[in-house]
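Results of the structural survey
Below, each chain spelled out in residue letters.
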Amino acid sequence: MQYMGAVAKAMKGRSLEQGFLEASFNGWLVLTPVLEKNGQLVDLVCNQANHQTTELLSCDLKDLIGCSLKDFCQKNKQFIGLFKLCINTVQSGEAKSYNWRYTYSGKQEVETRYLRTRACTTNEHVLVSMADWSDHVRLQRKIRHQQEQIQYHLEYDHLTGLLNRKGFISALETMVKKDERYTLGLLDLDYFRELNETLGHAAGDEMLTGVSYALNMAVEGVIIARISGDEFGILFPGDINDAQLQTEACLAFITSIRVSRKNVIFTGSASVGLVDLEDTRILEGSQLLVVANEAVRQAKVRGRNQVYIMPTSSPLLKEQRQEADWRRRIEVALEDNELVLACQPIVPMPTDSSASPMVEVLMRLNDNGNIVSAGAFINAVARHPELMKRLDRWVVSEAIKLQAKSPSICHAINLSGASLSDPSIVRFIADLLEETQAPPHQLHLEVTEQIALQAESGQSILKGLSELGCCIGLDDFGTGYSSFLYLQKFKPDFIKIDGSFMRHILTDPCSQAIVRAMLDMASTLEISAIAEFIETADIEYKLMSIKNEVAPDLKLYGQGWHYGGAEVQTILSGDNSSPQRIAE
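Residues numbered from 1 in each chain as written. Predicted model: local features only at pLDDT ≥ 70, side-chain atom pairs only at ≥ 80, totals over all residues. Heavy atoms only, no water.

To continue, consider the packing of aromatic side chains. Summed over all chains, the structure comprises two aromatic pairs. Relative to Phe-79, the ring of Phe-72 has its centre 5.7 Å away and its plane inclined at 15 degrees; by these criteria the two rings are stacked. Comparing Phe-72 with Phe-79, the two get one shared label, buried. Arranged with centres 5.6 Å apart and planes meeting at 40 degrees, the rings of Trp-326 and Phe-377 form a pair that is tilted. Of this pair, Trp-326 sits in helix H12 (residues 315–336) while Phe-377 sits in the loop between strand S15 (370–373) and helix H13 (378–382), and the two are 51 residues apart along the sequence. (Phe/Tyr/Trp six-rings, centres within 6.5 Å; stacked < 30°, edge-to-face > 60°. Buried < 20%, exposed > 50% of the residue type's maximum accessible area, 1.4 Å probe, protein only. Helix = DSSP H or I, 4+ residues; strand = E, 2+ residues; numbered from the N terminus.)

In this section: the pattern of salt bridges. If you walk through the whole model with that rule in mind, you get 23 salt bridges. Here Lys-166 and Glu-155 are joined by a salt bridge, their closest N and O atoms 3.9 Å apart. Here Lys-166, found in helix H7 (residues 165–177), pairs with Glu-155, found in helix H6 (residues 134–155); they are eleven residues apart in sequence, far enough to count as distant. Residue classification places Lys-166 among the partly exposed residues on the basis of a relative accessible area of 48%. Taking relative accessible area as the criterion, Glu-155 reaches 23% and is therefore assigned partly exposed. In this structure, Glu-398 and Lys-401 form a salt bridge, with 3.5 Å as the shortest nitrogen-oxygen distance. In this pair, Glu-398 and Lys-401 are both assigned in helix H14 (residues 385–405), three residues apart and thus about one turn of the helix distant. Through salt bridges with shared partners, a single ionic network connects Glu-360, Glu-446, Lys-496 and Glu-532. (Salt bridge = Lys/Arg side-chain N within 4 Å of Asp/Glu carboxyl O.)

That bond from Met-349 to Pro-350 is cis: its omega, 0 degrees, falls within 30 degrees of zero. Note on placement: Pro-350 falls in the loop between strand S13 (339–349) and strand S14 (358–367). Notably, Gln-437 is not glycine yet its phi reads approximately 60 degrees, a positive angle. In this fold, Gln-437 is placed in the loop between helix H16 (424–436) and strand S17 (443–448). Judged by relative accessible area, Gln-437 falls into the exposed class, the value being 64%.

With that settled, the discussion passes to the layout of surface pockets. One number sums up the size of the largest pocket: a volume of about 960 Å³. If you trace the largest pocket, you find 35 residues lining it, with Glu-360, Leu-362, Ala-374, Asn-414 and Asp-475 closest to the centre. Secondary-structure elements contributing two or more residues to the lining of the largest pocket are S14, H13, H14, S17 and strand S18 (471–477). The class makeup of the residues in the lining of the largest pocket is 15 nonpolar, ten polar and ten charged. In terms of lining residues, the second largest pocket is bounded by 18 residues, among which Met-358, Ser-528, Lys-555, Leu-556 and Tyr-557 are the most central. (1 Å grid on protein atoms, 1.4 Å probe; cavity = no way out; pocket = protein on both sides within 12 Å on 5 of 7 lines; lining within 4 Å. Points joined across faces, edges and corners; volume = space filled by probe spheres on them. Nonpolar A, V, L, I, M, F, W, Y, C, P; charged D, E, K, R; others polar.)

With the rule as written, the count across this model stands at two cavities of 30 Å³ or more. When its volume is computed, the largest cavity comes out at roughly 50 Å³. Leu-189, Asp-190, Tyr-191, Phe-192, Leu-195, Met-207, Phe-266, Thr-267, Gly-268 and Ser-269 are the residues that line the largest cavity. Of all the secondary structure elements, the ones that give two or more residues to the lining of the largest cavity are helix H8 (192–199) and strand S10 (264–267).

If you check helix H11 (residues 285–301), its first and last C-alpha atoms are 24 Å apart, about what 17 residues at 1.5 Å a residue would give, namely 24 Å. For H11, the complete set of buried residues consists of Gly-285, Gln-287, Leu-288, Leu-289, Val-291, Ala-292, Ala-295, Val-296, Gln-298 and Ala-299. Those residues of H11 that are buried lie in contact with H7, strand S6 (182–189), strand S7 (223–228), strand S11 (270–276), strand S12 (307–309) and H12. Two residues or fewer after H11 comes Gly-303, characterised by a positive phi angle close to 125 degrees. (Expected span 1.5 Å × (residues − 1). Contact = heavy atoms within 4.5 Å.)

Most of S13 is tucked away: ten of the eleven residues are buried. In the sheet, S13 pairs with S14 via eight bridges, with the strands oriented antiparallel. Looking across to S14, one finds that Ile-346 is bridged to Met-358. Direction of pairing for S13 relative to strand S21 (residues 556–559): antiparallel, over a ladder of four bridges. Along S21, the bridge assignment pairs Ile-346 with Gln-559. (Pairing = 2+ DSSP bridges.)

Here the focus is the sheet that holds S11. A sheet is described by the order of its strands in space; here five strands give the open sequence S7-S8-S6-S11-S12, paired in mixed fashion. A strand with exactly one partner marks an edge of an open sheet, and here the two such strands are S7 and S12. Here the average twist between neighbouring strands, direction ignored, is 20 degrees. Bridging between S6 and S11 involves seven bridges; their strand directions are antiparallel. Bridge pairing links Leu-189 to Ala-270 in S11. Packed onto the sheet, helix H10 (residues 240–254) meets S6, strand S8 (231–237), S11 and S12 and runs at close to 165 degrees relative to S11. (Axes fitted to C-alpha atoms, helices over the stretch in contact; angles between N-to-C directions.)

Here is the structure:
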């Protein structure tokens, strides 16, 4: 009787109507528990059911109403989970859910139905609600299949069925991390363009599929990929000598391929570059392919249809290693706070003591007390957009903090193409300006014209930054191919004349004419101009004479060693601290 009392307590407090309201269903059963004299729950009897339930369970109402649920489920073994669900619900006094499936004879064939079932207790009954979840399950499976198909096409070549470039680089980087010996091979078909142009692209596809088949036949236990139109990548396990033997076997198979149309025959031919991965584990997959491409070029220079092994002493390998070293070094510097700011003065021409002081904020690496210019590593970092964005944000953040402590000074910052393709940079700068209360008009953001024109997103980001109150400038002005086109789309606040024109302004009439045109244009547009690389008083005098001739009212500024070099800034702790300048 103790158990019977527990059952009554579990079912107390909820009416049958409340149970119906709680249930979300299109089929339902109302069951009454059957107890032995000692209060032990042994069965449930179905009192009510709707027609949807009979459809879901593929039975008739007479098979359910007034019948034992235990007997019904024993006759239909697929439903035994329904009986267990109801027993567990009564015993625990808590609502239970159960998702299950069963097969039945459909109109044409055996079909599978997926049911979502929920059971709860009321004052005297157990209410079971159920819904057909088959369409949902099939939809999820279809979505999952489509996702798998998309993933497949992202990593595999549709023509040959081999890995594509993305999949190959992923496999390459995985193998490099393993403590095993591998050799990278890059195979480039010879005369493939001539084949396409002479016999057509269908013939080209025939050659590609033939080469794919030949590679799979020639070597086993390797990873093969088609990484571009006529290039195949191969990852050989073992040392480079084994890879060379296998590559020569591949070439033998490829030279047996014949593609012909209208009595014109092309024979398979390929040049292969091999790179030993033993000494290149620090490199990324894309860097390794750069080295392998150079090895292929050397194979073609030496007569094609042959193998070239990239020497471990190759200058290109050395360059790629240095780039990888710098990338890792800068990642560590970001984590360990080893980057510092350097500021170079930008002065009005002629000198005007009433004008706001201005500096360009530059990044430096503090390498154990040795200050390293960004020029040493920026090219290596620029090929990694995510790392470049992190660097940009560090510079912007630190420069705005510096500006907040010296609000009367204009701070000019360079933004990379990586940041200009990331719309969140606008909100990032806006939040920093609000947090530090730094004056936005004193923040000058410089971008090169090529970067400014690289995408519509870049132009919209610049407009967003301009709306914050920041000044926007075109850096390296005059070195691109579309400066004036950009000025039609977006008017900057200033242009920065590239230093290459300043270096030769004393002796080169062409440089003088270009500078004259730039100053005249800036004056007409009523924007400022900054001239870089003012190294001597003679250059300053020549520039001023041109300005006075064509644009006497122009706001012109100069930057260069004539006015001072970049000095490292150390911001001391404390609210009232001021920058301490340490000569670089």
